Amino acid sequence: MSLSIVNKDFSDLKVTILVTSDGVFEGKRQDQAGLALIEKLRDFSIESNYLVTSGKQEHLEDKLRLLITEMNHLVLTVGGTGLDKYDRTVEATRNVIDL
């Protein structure tokens with residue numbers, strides 16, 4: 001069985017791209033990954049919201065909680081320079097979702 005999303009209607013889907021990057025948040029760097037995701041989603045006729053926050057765990061948790069209360073169907077987190085000891089995205093996500 002194959003799954004095809006071609007010709008599906010995603011107009012009611014509420015999606016937010018959450019960029020987690022201190023550099024982008026502080027205006028020191030331009031985001032590329034979040035903007036690339038927006039374009040890729042548009043290839044499937046999916047419109048998305050775009051939000052930038054710092055990589056600090058408390059900021060991430062606040063933004064994720066906000067997006068949950070706004071009833072997003074999908075939140076894609078992207079950003080930073082990769083997984084390292086300063087990346088708190090996993091911990092922040094774990095603290096706000098029901099497992």
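Residues numbered from 1 in each chain as written. Predicted model: local features only at pLDDT ≥ 70, side-chain atom pairs only at ≥ 80, totals over all residues. Heavy atoms only, no water.

**Quick word on the confidence of the model for the protein**
So, step 1. The predicted model of the protein averages 86 in pLDDT, with 86% of residues at 70 or higher.
So, step 2. For the protein, per-element mean pLDDT is lowest for helix α4 (residues 89-96), which scores 86, and highest for strand β2 (residues 48-53), which scores 95. (pLDDT = per-residue confidence, 0-100. Helix = DSSP H or I, 4+ residues; strand = E, 2+ residues; numbered from the N terminus.)

**So, the nonpolar core**
So, step 1. Residues F10, V15, I17, V19, V24, I38, L41, I46 and V78 constitute the largest nonpolar core, which totals nine residues.
So, step 2. Residue contacts for V15: discarding those within four places in its chain leaves L41, I46, E47, S48, N49, N72 and L74.
So, step 3. Counting residues in each nonpolar core, the second largest holds six residues, with L18, L67, A92 and V96 among its members. (Core = buried A, V, L, I, M, F, W, Y, C linked by side-chain atoms within 4.5 Å. Buried < 20%, exposed > 50% of the residue type's maximum accessible area, 1.4 Å probe, protein only. Contact = heavy atoms within 4.5 Å.)

**Some words on the pattern of salt bridges**
Pairing is possible between side chains that carry opposite charge, provided their charged atoms lie close to one another.
So, step 1. All chains considered together, the criterion is met by seven salt bridges.
So, step 2. The shortest N-O distance in the salt bridge between D22 and K56 comes to 4.0 Å. Placement of the pair is D22 in helix α1 (residues 22-25) and K56 in the loop between β2 and α3 (57-69), with a sequence separation of 34 residues.
So, step 3. Accessibility expressed as a relative area gives 31% for D22, which makes it partly exposed.
So, step 4. Owing to a relative accessible area of 38%, K56 belongs among the partly exposed residues under this scheme. (Salt bridge = Lys/Arg side-chain N within 4 Å of Asp/Glu carboxyl O.)

**Notes on helix α2 (residues 33-42)**
So, step 1. Residues G34, I38 and L41 constitute the buried set of α2. Here the buried residues of α2 occupy an arc of 65° about the axis, which is enough to place them on one side. (Arc of directions from axis to C-beta.)

**A few points about the packing of α3 against α4**
So, step 1. Packing of α3 against α4 leaves a shortest axis separation of 9 Å and a crossing angle of 40°. Accordingly, the angle class assigned to the pair α3 and α4 is oblique. In this structure, α3 crosses over α4, and the sense of that crossing is right-handed. For the pair α3 and α4, the contacting residues are Q57, L60, E61, L64, R65 and I68 in the first and T89, E91, A92, T93, N95 and V96 in the second.
So, step 2. Taken together, the residues of the contact of α3 with α4 break down into five nonpolar, four polar and three charged. (Axes fitted to C-alpha atoms, helices over the stretch in contact; angles between N-to-C directions. Parallel < 35°, antiparallel > 145°, perpendicular 65-115°, else oblique. Left-handed = near helix turned anticlockwise from the far one by under 90°. Nonpolar A, V, L, I, M, F, W, Y, C, P; charged D, E, K, R; others polar.)

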